[in-house]
Amino acid sequence: MRNIVKSYDGKKESGRAVDGLDLEIPKGEFVALLGPSGCGKTTTLMMLAGLLKPTSGEIFFGDRMVNHVEPKDRNIGMVFQSYALYPHLTVRDNIAFPLRERKIPKAQAYERAKEMGRILQIDHLLDRKPSQLSGGQQQRVAMARALAKDPEILLLDEPMSNLDARLKLDVRDEIRKLQRQLGVTTIIVTHDQEEALAISDRVAILNGGKIQQYAPPEELFNHPVNLFVASFLGNPPMNLIAGKIEQRDGVQMIVTQGFSYTLPETRKLDVKHSGKQVHLGVRPHDITLTHAADKLGIPMKVDLIEHLGSGKLVKVVDPGNKLEGMIRFLVDNESDVHSGDIVHIRFRDDKFHVFDSTENGLN
Ligand code: ATP
């Protein structure tokens, strides 16, 4: 996709659902479009499918510009959130439908339906109607139908949102395995970050119709490029503390409402950033407890402790009540921390982030 803009009212300058999207998806990769409601994910997918026309910009499949190619000629397979199966047709006829549309003889289309049924393990259901299937089975039929014509690109629009939590995990693994096996370029739209990170080679994070970051899951998580990506990804979320960069006697620190955090020698920022309003970002599992004697430890008062099963989530507040909000961190189950305790916390030197409060990350 090259500089794709979509505004539903046709005006180029206002109300853009998609706002200048550049995205290159390598052949055979699995890519997720992830972002909050209304960020433009579905609009983007619909433009790839040819069901919506971009207001401007170009879409290429390989070297072929497809802006003016009809959906049926794009060689895509699509699975919708609702599955959109034909209720009056059997599973066999549903899977064979796109082939029959292409004038492939019935016997051959049925043979392919049988083969897809085998791959997706629904071959015993071929004579049933969609209403006689469970949600998970319907999902497989929709996948089989999308893949029957051996598409160049598979488009998935929230394909797992109607499945229960347990089934979702199984289906997620199956989709990923199948995609690897077939090597089909796949684009999934989801607002479920865990799903996107688990299943994809790369994730494009969208907000306000713009790509915020496009990278493999690990990189997104470890090196978010801006405040939006940092706050959007991660559960429990990254702690983000507002402050200002100050330079004092050769020491660089981030001065927040509640404490001053001295940046370690290895993580010092360019002096040109002095005076900037920033957010100090640190993930809950990158905060450790330290002794009161540690000069870099920050005293905090334990407000709440949540049991997560695998460990405890500790929420602490500034004992002086100057710092807004709380800081969250994780400790193991054996940790002897109690509500009301004063603890000293430390941020892992190699793991904290500094974001410009208005734009991108500084390190
Ligand atoms: P969700 O996760 O809620 O499905 P999304 O990221 O898929 O959201 P889109 O459906 O692409 O978002 O919508 C992007 C923007 O375009 C939203 O502001 C939405 O209100 C607007 N929009 C979507 N469809 C139309 C339409 N047919 N006419 C006008 N505006 C639309």
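Quantities reported herein were computed from a predicted structural model and do not represent experimental measurements.

S.K.: Which parts of the structure should I look at to understand the overall build of the protein?
M.R.: Within the protein one finds eight helices and 21 strands. Dimensions of the protein along its principal axes, counting C-alpha atoms only, are 80 × 50 × 30 Å. The burial tally for the protein puts 36% of its 363 residues in the buried class. A separation threshold of at least 6 residues defines the contact pool for the protein, and within that pool the share at least 24 residues apart is 62%.

S.K.: Help me understand the site of the ligand, please; the structure alone is not making it clear to me.
M.R.: Taken together, Tyr-8, Ala-17, Gly-35, Ser-37, Gly-38, Cys-39, Gly-40, Lys-41, Thr-42, Thr-43 and His-191 make up the full set of residues adjacent to the ligand. With three residues, the single largest contributor to the shell around the ligand is helix H1 (residues 41-49). The residue inventory of the shell around the ligand, partitioned by class, reads three nonpolar, seven polar and one charged.

S.K.: Is there a simple way to think about the packing of helix H2 (residues 91-101) against helix H4 (residues 135-148) in this case?
M.R.: Two numbers describe a pair of packed helices, the interaxial angle and the distance between the axes. Where H2 contacts H4, the axes come no closer than 7 Å and their chain directions differ by 25°. Judged by the inter-axis angle, H2 sits roughly parallel to H4. Relative to H4, the crossing made by H2 is right-handed. The residues of H4 that touch H2, namely those facing Val-91, Asn-94, Ile-95, Phe-97, Pro-98 and Leu-99, are Val-141, Ala-144, Arg-145 and Ala-148. Of the residues assigned to the contact of H2 with H4, the class counts are eight nonpolar, one polar and one charged.

S.K.: Sorry if this is basic, but what is going on with the domain arrangement of the protein here?
M.R.: Where the parts come together, the accessible area they lose is often given as the size of the interface. When the domains of the protein are assigned, the result is domain 1 (2-225) and domain 2 (239-356). For domain 1 versus domain 2, the distance between C-alpha centres works out to 41 Å.

S.K.: It is not clear to me how the sheet that holds strand S13 (residues 251-256) should be interpreted in this structure. Could you clarify?
M.R.: In sheet architecture, strand pairing relies on hydrogen bonds along the backbone and comes in two forms, parallel and antiparallel. Read across the open sheet, the five strands follow the order S14-S13-S12-S15-S21; overall the sheet is antiparallel. Of all strands in the sheet, those bounded by a partner on one side alone are strand S14 (260-262) and strand S21 (353-356). Averaged over all pairs of adjacent strands, the angle between their axes in this sheet comes to 40°, without regard to strand direction. Pairing between strand S12 (residues 239-248) and S13: six bridges, direction antiparallel. Bridging from a neighbouring strand, Arg-248 pairs with Val-251 of S13.

S.K.: Would you explain unusual backbone geometry in this entry?
M.R.: Trans peptide bonds make up the majority, and among non-glycine residues the majority have a negative phi. Along the chain, Asn-235 connects to Pro-236 via a cis peptide bond; the corresponding omega equals -5°. Tracing the chain through its elements places Pro-236 in the loop between helix H8 (227-232) and S12. In this model, Gln-121 sits at a positive phi of 55°, which is unusual for a non-glycine residue. Counting through the fold element by element, Gln-121 comes out in the loop between helix H3 (106-119) and H4.

Parameters at a glance
Residues numbered from 1 in each chain as written. Predicted model: local features only at pLDDT ≥ 70, side-chain atom pairs only at ≥ 80, totals over all residues. Helix = DSSP H or I, 4+ residues; strand = E, 2+ residues; numbered from the N terminus. Buried ≥ 20, exposed ≤ 12 C-beta atoms within 10 Å, placed from the backbone. Contact = placed C-beta atoms within 7 Å. Near = placed C-beta within 6 Å. Nonpolar A, V, L, I, M, F, W, Y, C, P; charged D, E, K, R; others polar. Axes fitted to C-alpha atoms, helices over the stretch in contact; angles between N-to-C directions. Parallel < 35°, antiparallel > 145°, perpendicular 65-115°, else oblique. Left-handed = near helix turned anticlockwise from the far one by under 90°. Domains from an automatic or database assignment. Pairing = 2+ DSSP bridges.

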